[in-house]
Amino acid sequence: MVTQLQSPEKSNIIYPDDNGEPMSNNTDQFRLIVWIKENLELLFADDPNVFVAGDLLWYPVEGNNKLSQAPDVMAVFGIPKGYRGSYQQWYENDIAPQVAFEIWSRGNRLTPMMQKFQFYERYGVEEYYLYDPEKLELIGWLRAEGKLEQIEQIDGWVSPRLGVRFQLSETGLEMFGPSGEPFMSFVELDRLRQQAEARAEQAQIRAEQAEMLLEQERSRSQALEARLREMGIDPNQL
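1. Here we look at the overall build of the protein chain
Looking only at helices and strands, the protein chain features four helices and ten strands. Buried residues in the protein chain amount to 34% of all 238 residues. A sequence separation of at least 24 residues applies to 58% of the contacts in the protein chain between residues at least 6 apart. Accessible surface, the protein chain as shown: approximately 14600 Å² in total, 51% of it carbon and sulfur.

2. Here we look at the nonpolar core
Counting 25 residues, the largest nonpolar core has Ile36, Leu40, Phe101, Tyr129, Leu162 and Met175 as its most contacted members. Every element with two or more residues in this core is listed here: α2 (27-43), β1 (50-54), β3 (73-77), β5 (99-103), β6 (127-132) and β10 (172-176). The residues touching Ile36, leaving out its near neighbours within four places in the chain, are Val73, Phe101, Ile103, Met175 and Phe183. Judged by nonpolar contacts, the second largest core, of 22 residues, contains Met74, Val76, Ile95 and Ala96.

3. Digging into empty space enclosed by the protein
The final tally for this structure, using the stated rule, is one cavity of 30 Å³ or more. Residue lining of the largest cavity: Ile36, Phe101, Glu102, Ile103, Tyr129, Leu130, Tyr131, Leu138, Phe166 and Leu173, and that is the complete set. Elements with a contribution of two residues or more to the lining of the largest cavity: β5 and β6. Residue composition of the lining of the largest cavity, by class: nine nonpolar, no polar and one charged.

4. Considerations on the confidence of the model for the protein chain
Residues of the protein chain with pLDDT of at least 70 account for 87%, and the chain-wide mean is 88. Across residues 1-5, where pLDDT falls below 50, the model places ten contacts with residues more than four positions away in sequence or in other chains.

5. Overview of the pattern of salt bridges
Under the counting rule described, the total for this entry stands at six salt bridges. The salt bridge partner of Arg31 is Asp28, with a shortest N-O separation of 2.6 Å. One end of the pair, Arg31, and the other, Asp28, are both in helix α2, three residues apart, so they sit about a helical turn from each other. A salt bridge links Glu126 to Arg161; its shortest N-O distance comes to 2.9 Å. With a gap of 35 residues between them, Glu126 in the loop between α3 (110-122) and β6 and Arg161 in the loop between β8 (147-150) and β9 (165-169) connect regions that are remote in the sequence. Among the residues examined, Glu126 registers a relative accessible area of 26% and is labelled partly exposed.

Definitions and limits used
Numbers given for residues are sequential positions, taken from 1 along each chain in its written order. Totals for whole chains, interfaces and linings use all residues, but because this is a predicted model, local features are given only for residues with pLDDT of at least 70 and pairs of side-chain atoms are given and counted only at 80 or more. To get the side-chain values, take all heavy atoms of the structure and skip hydrogens and water. Every helix listed is a DSSP run of H or I at least four residues long, and every strand listed is a run of E at least two residues long, numbered separately from the N terminus. Throughout, exposure labels follow a simple rule: accessible area from a 1.4 Å probe, protein chains only, divided by the maximum for the residue type, with under 20% read as buried, over 50% as exposed, and the rest as partly exposed. The contact definition used throughout considers only heavy atoms, calling two residues in contact when any of these lie within 4.5 Å. The accessible surface values rely on the Shrake-Rupley method and a 1.4 Å probe; as for residues, cover is taken only from the protein chains in view. The nonpolar core is taken to be a set of buried Ala, Val, Leu, Ile, Met, Phe, Trp, Tyr and Cys residues, with the residues joined through side-chain atoms within 4.5 Å. Lining residues are defined by having an atom within 4 Å of a point belonging to a cavity or pocket. Those points lie on a 1 Å grid over the protein atoms alone, cavities being sets where a 1.4 Å probe fits but cannot get out and pockets being open sets with protein on both sides within 12 Å along at least five of seven lines. Grid points are joined across faces, edges and corners, and a volume is the space filled by probe spheres set on the points. Gly falls in the polar group here, along with every residue not listed as nonpolar (Ala, Val, Leu, Ile, Met, Phe, Trp, Tyr, Cys, Pro) or charged (Asp, Glu, Lys, Arg). Confidence scores labelled pLDDT are given residue by residue by the predictor and lie between 0 and 100. The salt bridge definition used is simple: a Lys or Arg side-chain nitrogen within 4 Å of an Asp or Glu carboxyl oxygen.

Next comes the structure, spelled out in structure tokens:
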């Protein structure tokens, strides 16, 4: 992170890490937040300059600790990974989060959600995605000419920044990485790991069984050769 000098007045301002609001209002909302955040982290695990966070307060303007939002998930390109108590943009090469996600819940109200949209539009978010798990509805916006314009066809849309494809099915939102790999929960990933380990174990058992059969065949062949030689027969001449 880039360190910038602050005026004495600004350096005395405290930027809280907590705005007093819950991360989520229900288990489904929490599950989706974790699902998106962790899969994005996995997707960009090898890129040291992509920062992904969930429910992290973002302060866009130095000197104003009243002006902030905490996207359910945000991704920032061009800054290093690492711990942050809050995202203070003036310490981050003045780079605004390029991608923001919000998960709608019954606890959300229209006015605060509109204020979030206006905040994201004003302070530089390039892509904004709002998903309602009850209605199975995804709305996306893409920045064009300084404004967030709604994406007309969101089903099958590929994020320009993330390279992630969004798909809506009867069961809800699905997301796929650039290579077509689906976003998965930890339970699904662990199940795949267990299945892979089971297949590897079965392959090892089959290999050991094949080696055992081969060894038995060698032993029978050697015993037969020995018996033939005892009878005065050269097995090489048979």
